[in-house]
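Read off the chains here:
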Number of protein chains: 2
Amino acid sequence: MIDFGTYTLPYCSFGAQPHVGVGLRDQILDLTSAAASLLPAHATLFARGNLDAFLAAGPQVWAEVRSALAAWVVDGRAADYLVPADGVGLHMPFTVADYVDFYASENHASNLGRIFRPDSEPLTPNWKHMPIGYHGRAGTVVCSGTSVVRPSGQRRPPGAEISVGPSQRLDIEAEMGFVVGTGSTLGEPVGMDAFERHVFGACLVNDWSARDIQAWEYVPLGPFLGKSFATSISPWIVPLASLESARVAPPARTEKLQAYLDDSDSPPWGFDIALEVAINGHTISRPPFAGMYWTAAQQMAHMTANGATLRTGDLFASGTISGPDRDQRGALIELTWNGKEPVELPDGSGRSFLEDGDEVVISATAPGPDGATVVFGDVRGTIAPAR
Amino acid sequence: MIDFGTYTLPYCSFGAQPHVGVGLRDQILDLTSAAASLLPAHATLFARGNLDAFLAAGPQVWAEVRSALAAWVVDGRAADYLVPADGVGLHMPFTVADYVDFYASENHASNLGRIFRPDSEPLTPNWKHMPIGYHGRAGTVVCSGTSVVRPSGQRRPPGAEISVGPSQRLDIEAEMGFVVGTGSTLGEPVGMDAFERHVFGACLVNDWSARDIQAWEYVPLGPFLGKSFATSISPWIVPLASLESARVAPPARTEKLQAYLDDSDSPPWGFDIALEVAINGHTISRPPFAGMYWTAAQQMAHMTANGATLRTGDLFASGTISGPDRDQRGALIELTWNGKEPVELPDGSGRSFLEDGDEVVISATAPGPDGATVVFGDVRGTIAPAR
């Protein structure tokens with residue numbers, strides 16, 4: 001297992017009889033058991049073995065539990081509840097309510113615009129005025145390690161007939177996801193300044209994408225079957241509290257933002273998180289989350305500007321993270337420029353898009369205080385042949 | 001309350017301490033109580049007061065319960081469990097898992113194409129080859145009777161600056177919704193012939209839409225905040241079993257369909273359901289569901305063609321139902337041709353789009369056997385001023 005050190009303290013659901021766990025160095029602290037003895041006031045929150053009740057409990061409880069964990073590490077009581085991580089199964093850490101996927105990287109949106117709409121401006125006119133997003137399928141958000149069956153579907157390659165069959169252009173999207181803890185009231189927008197009161201933490205996301213299915217279906221109502229077959233998330237949820245030292249300002253804005261999105265005078269909600277994408281053990285990209293144009297706080301404010309509620313378990317993801325350099329792009333369609341420039345792997349093979357048996361692993365770290373490192377749990381998945 | 005007669009037998013969740021109910025003439029049969037005495041083998045399915053457990057129980061149980069209800073009506077035992085409906089609160093009848101909205105009326109899609117893209121073909125090239133759809137926000141699907149707060153958001157009217165404020169073009173969409181009972185396995189498509197094994201029943205849907213917000217945001221990823229503030233459903237779920245006599249063939253297809261969508265040799269899954277839309281008690285439209293190009297069985301097959309799962313509680317809606325005639329259009333944007341030809345109300349006022357205080361009611365009926373009528377529960381909602 002990954003070495004999480006002692007600062008990150010990410011949460012998971014583990015074991016045959018699921019308990020809530022906390023990553024501590026390369027072991028798992030059994031929080032369901034520890035809380036029963038050491039934190040009885042909150043023990044019921046962890047009794048069901050996933051994070052749902054804890055997410056709903058809100059920011060004061062999140063802080064109390066994190067403080068308790070830190071104290072148990074210092075005074076040694078944590079040792080009584082450590083479980084070796086080898087061979088322990090990790091599960092979906094929470095029940096996904098709604099899943100929204102944004103499109104917040106200017107480099108990614110521009111690259112896709114150049115590839116798909118070469119005769120138009122790369123960015124649509126709305127892009128710099130609001131974080132564009134859409135709803136994905138919550139029911140197919142799966143835990144890291146779940147095999148991804150190559151999806152079949154309709155596609156119409158340029159100049160060819162419509163056909164149905166396994167996707168020939170199966171891709172990844174390396175993203176960050178944010179997990180809502182506290183819900184909100186229908187009809188009442190949630191402003192950026194309430195970000196920490198509603199959002200519990202972050203995870204890694206691989207928003208698998210079938211580019212051929214997507215290209216044929218997505219006009220006029222957006223992505224649907226090109227995405228809905230699977231979205232993988234890391235089994236570890238990193239609390240916002242551990243990302244305090246990673247906060248950075250987002251890129252300078254080139255357009256004046258509407259008041260509900262204007263973060264020019266607010267503490268910044270960008271995060272300096274460094275991602276790494278590997279295929280079959282070979283790193284193909286290092287996407288920098290710090291360069292994302294739209295922050296998660298802006299996304300939350302936008303998503304609720306019409307009065308839509310947040311619910312416990314809502315997951316909203318950043319969209320593909322791509323930096324300005326070629327080896328910082330978070331999707332194969334950009335890395336290979338629509339398949340024309342395959343990525344070379346050490347075995348001499350090239351990848352335009354994913355092949356059956358390929359394993360994709362996305363990992364990430366961020367700066368913590370005093371030289372500590374915040375470590376995200378991997379999100380991994382292997383492509384199984386079409387059925 | 002509506003008179004449901006004795007054939008429809010629609011399900012609801014009612015009362016301060018929620019019980020599952022069945023509409024019988026103009027009363028509610030308390031199924032939670034009746035099952036405890038008369039159908040003990042299935043009583044636990046109704047103990048929690050909503051349909052979730054019953055939906056998951058599958059088609060054999062659905063048939064057994066419907067047979068028992070019919071028997072109690074005939075032998076008079078139903079009378080012991082009838083509750084007067086006046087003043088009884090109705091609740092969301094089930095927990096919505098994923099919500100998908102389709103776009104299955106050729107008249108509606110063509111009208112919107114003509115209004116929004118006057119220089120292009122009204123239908124996009126994919127429209128006749130697959131049921132186009134997108135995911136909506138499950139967390140804001142609300143029960144009939146819930147007030148709809150006028151949403152605010154970004155819009156950029158033609159030739160004007162971007163601004164934020166209450167929607168000036170608040171609209172309805174009259175739709176049918178289908179409710180999934182039995183889930184499916186990740187990676188395994190569900191064919192049209194399995195429709196009755198997975199889909200439990202149908203309800204009425206009003207997919208409220210803020211056209212100004214929608215127009216500015218929807219390229220390239222589809223509708224988002226223009227829709228996500230509220231979607232209302234009827235509190236009554238009509239089982240598929242009661243719609244057997246309403247089955248009709250969909251319109252003739254003008255394009256050869258891919259095998260997984262080809263229903264030319266299958267029993268038809270169109271339904272002859274007649275809808276009626278009223279504003280403040282005045283009927284403005286009578287949309288005919290029988291004319292929908294894509295059936296719910298095709299939508300289910302398409303939605304899972306990539307291996308995406310169905311889950312208990314998934315709701316998928318038809319998209320706006322519009323017939324060929326003006327007074328058959330299911331949205332104001334079509335009825336008023338983008339606001340240019342207001343609908344006249346009896347009080348002499350006109351409506352281009354909805355005003356604060358307007359109450360919208362959508363109702364529907366369908367033919368049953370032997371002259372019986374299948375009656376859908378209304379979906380109603382009143383517009384509250386923007387906050």
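Use the structure listed above.
In every chain, residue numbers begin from 1 and rise along the written sequence. Working convention: letters from A go to chains and numbers from 1 go to ligands, in the order in which they are written. Thresholds applied to this predicted model are a pLDDT of at least 70 for local features of residues and 80 or more for the giving and counting of side-chain atom pairs; totals over whole chains, interfaces and linings are not thresholded and use all residues. To obtain the side-chain values, all non-hydrogen atoms of the structure were included, while hydrogens and water were left out.

> Whenever I open this one, the sheet that holds strand β4 (residues 82–84) of chain A confuses me. Can you help?
Backbone hydrogen bonds are what pair the strands of a sheet, in a parallel or an antiparallel way. Residue and element names in this part refer to chain A. What makes two strands pair is DSSP finding at least two bridges between them. Numbered from the N terminus, helices here are DSSP runs of H or I no shorter than four residues, and strands are runs of E no shorter than two. The sheet built from five strands is open, its strands ordered β4-β3-β2-β1-β5 with antiparallel pairing. A single partner strand is all that each edge strand has here, and the edge strands are β4 and β5 (90–91). For strand β3 (residues 27–30) and β4, the ladder comprises three bridges, and the chain directions are antiparallel. In the strand pairing of β4, L29 is matched with L82. It only takes one pair of heavy atoms within 4.5 Å for two residues to be counted as in contact. All axes here are fitted lines through C-alpha atoms, helices being fitted over the stretch that makes contact, and every angle between N-to-C directions spans 0 to 180 degrees. Its contacts with the sheet put helix α3 (residues 59–75) on β1 (11–14), β2 (19–24) and β3, and the angle it makes with β1 is roughly 80°.

> Sorry, what's going on with the interface of chain A and chain B here?
Much of the literature gives interface size as the accessible area that the parts lose upon coming together. With 57 residues of chain A at the interface, the matching set in chain B holds 57 residues. Between chain A and chain B, roughly 5,300 Å² of surface is buried when both sides are summed, and carbon and sulfur atoms account for 60% of that area. When two components associate, each loses some accessible surface as probed by a 1.4 Å sphere; the sum of these losses over both components is called the buried area. Considering only the side of chain A, the residues that lose the most area to chain B are A:R137, A:L221 and A:F224, jointly responsible for 15% of the buried surface there. Salt bridge, as used here: a side-chain nitrogen of Lys or Arg that lies within 4 Å of a carboxyl oxygen of Asp or Glu. For B:R387, the salt bridge goes to A:E188, with nearest N and O atoms at 3.6 Å. Counting of polar contacts relies on pairs of N or O atoms within 3.5 Å, with two restrictions inside protein: one atom must be capable of donating a hydrogen and the other of accepting it, and residues adjacent in sequence are counted only when both atoms are side-chain atoms. At the boundary of chain A with chain B, the tally comes to 24 residue pairs in polar contact (both at pLDDT 80 or more). Only β6 (99–102), β7 (133–136), β10 (152–155), β11 (163–166), α6 (211–217) and α7 (296–303) of chain A provide two or more residues apiece to the side of chain A that touches chain B.

> Which parts of the structure should I look at to understand the sheet that holds strand β2 (residues 19–24) of chain B?
All names here are of chain B. Ordered by their spatial adjacency, five strands build an open sheet running β4-β3-β2-β1-β5, and the pairing between neighbours is antiparallel. The two strands at the open ends of the sheet, each matched to only one other strand, are β4 (82–84) and β5 (90–91). Across two bridges, strand β1 (residues 11–14) lies against β5 in antiparallel orientation. Directly across from F14, in β5, lies its bridge partner L90. Across the sheet, helix α3 (residues 59–75) is in contact with β1, β2 and β3 (27–30); its angle to β1 comes to roughly 80°.

> Looking at this model, I keep getting lost on unusual backbone geometry. Mind explaining?
What you tend to see is this: most non-glycine residues have negative phi, and most peptide bonds are trans. All names here are of chain A. Residue P220 follows V219 across a cis peptide bond; omega there is 10°. Within the secondary structure, P220 is located in the loop between α6 and β16 (231–233). Residues other than glycine seldom take positive phi values, yet L9 does so here, at roughly 50°. Along the chain, the position of L9 falls in the segment before β1. For L9, a relative accessible area of 4% corresponds to the buried category. Here the phi dihedral of N338 falls at roughly 65°; this positive angle occurs in a residue that is not glycine. Along the chain, N338 turns up in the loop between α8 (332–335) and β23 (343–344). Think of it in three bands: with a 1.4 Å probe and only protein chains considered, a residue is buried below 20% of the maximum accessible area for its type, exposed above 50%, and partly exposed in between.

> Can you help me understand the pairing of β6(A) in this one?
The side chains of a regular strand alternate between the sheet's two faces. All names here are of chain A. A two-sided burial pattern is seen for β6, the buried positions comprising Y99 and D101 on one face and V100 and F102 on the other. Pairing analysis gives four bridges linking β6 to β7, with the strands arranged antiparallel. In the strand pairing of β7, D101 is matched with Y134. With three bridges joining them, β6 and strand β22 (residues 315–317) adopt parallel strand pairing. Counterpart to V100 in the pairing with β22 is F316.

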